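Structural overview
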Amino acid sequence: AQSVTQPDIHITVSEGASLELRCNYSYGATPYLFWYVQSPGQGLQLLLKYFSGDTLVQGIKGFEAEFKRSQSSFNLRKPSVHWSDAAEYFCAVGVRGSGGSNYKLTFGKGTLLTVNP
Amino acid sequence: NAGVTQTPKFQVLKTGQSMTLQCAQDMNHEYMSWYRQDPGMGLRLIHYSVGAGITDQGEVPNGYNVSRSTTEDFPLRLLSAAPSQTSVYFCASSQTPLYGYTFGSGTRLTVV
């Protein structure tokens, strides 16, 4: 079965500093990979996705992520963090279920980002 | 567009009561899912649907039922509420999962 690991439960960075959130997945085939962000009391918003092609993908709000097959990783990065980026970030892997046409999304447990002024 | 609408936003139930969490989307999406979110656990898939009349179990289906009679609606039924079902529930939909899911704003359920 597929799984997603986000090693860092909580990360604190200063405003203007660079950010990297780690994500490792376990899946036999090439997965569909996603990063979502959740602000307090809100639902999840899609930041970016990868399913084929260029391994460096750009998303909204200045985020990017790089797919590294050899490391089974899909780390999220941002060169300069803003106070409004404080939120919880979830990595997710999408896999086909039984029958080939079904589709399921498995989430990591999340990384809480705190931004200091 | 309203997107994905979940009702109610908050609910308190007594142990043993039943209720239905409503989810509706107006984007004509085929794929719909229910997740529960618990502290330190991330989101866990309860049930999902790939179209009207087609549903399947996710990771934590026990104690929940779903049906999908229309493309727009995907209600989640709690048959006999238990304190372990205290959680935040999210509904999500997608036309093509490769494009990612659109999430509702959630229902916070407390079972006492």
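Residues numbered from 1 in each chain as written. Chains lettered and ligands numbered in written order. Predicted model: local features only at pLDDT ≥ 70, side-chain atom pairs only at ≥ 80, totals over all residues. Heavy atoms only, no water.

Below, the discussion takes up the state of the cysteines. All names here are of chain A. Here the structure, examined in full by the defined rule, presents two disulfides over all chains. C23 shares a disulfide with C91; S-S distance 1.9 Å. Between C23 and C91 the disulfide shows an S-S torsion of about -65°. By sign, it is left-handed. One end of the pair, C23, is in the loop between β3 (19-21) and β4 (24-26); the other, C91, is in strand β10 (residues 87-96), with 68 residues separating them in the sequence. Here C23 falls in the buried class, since its relative accessible area comes to 0%. (Disulfide = S-S within 2.5 Å. Helix = DSSP H or I, 4+ residues; strand = E, 2+ residues; numbered from the N terminus. Buried < 20%, exposed > 50% of the residue type's maximum accessible area, 1.4 Å probe, protein only.)

The tally for this structure, following the rule as stated, stands at 14 aromatic pairs over all chains. Note on Y36(A) and F107(A): the rings are 5.7 Å apart at their centroids and 50° apart in plane angle, and the pair reads as tilted. With a gap of 71 residues between them, Y36(A) in strand β5 (residues 32-38) and F107(A) in strand β11 (residues 103-107) connect regions that are remote in the sequence. Residue Y36(A) shares its accessibility class with F107(A), and that shared class is buried. Grouped by ring-pair contacts, the aromatic residues F34(A), Y36(A), F90(A), F107(A), Y35(B), F90(B) and F103(B) constitute a single cluster. One cation-aromatic arrangement involves R68(B) over F74(B); the distance from NZ or CZ to the ring centre is 5.9 Å. (Phe/Tyr/Trp six-rings, centres within 6.5 Å; stacked < 30°, edge-to-face > 60°. Lys NZ or Arg CZ within 6 Å of the ring centre and 35° of its normal.)

The omega angle of the peptide bond from T7(B) to P8(B) is -10°, so this bond is cis rather than trans. Looking at the secondary structure, you find P8(B) in the loop between β1 (4-7) and β2 (10-13). In the Ramachandran plot, K61(A) falls in the positive-phi region, its phi being about 60° despite a non-glycine side chain. Note that K61(A) resides in the loop between β7 (56-58) and β8 (64-68). By relative accessible area, K61(A) is classed as partly exposed at 45%. Look at S72(A): it is not a glycine, yet its phi comes out positive at around 50°. Note that S72(A) resides in the loop between β8 and β9 (73-78).

This paragraph deals with the pattern of salt bridges. Residues and elements named next belong to chain A. On inspection of all chains with the given rule, the structure shows six salt bridges over all chains. Notably, a salt bridge pairs R77 with E64, separated by 3.3 Å at the nearest N-O pair. Note that R77 is positioned in strand β9 and E64 in strand β8, a separation of 13 residues in sequence. Several salt bridges share partner residues, and in doing so they unite E64, E66 and R77 into one network. (Salt bridge = Lys/Arg side-chain N within 4 Å of Asp/Glu carboxyl O.)

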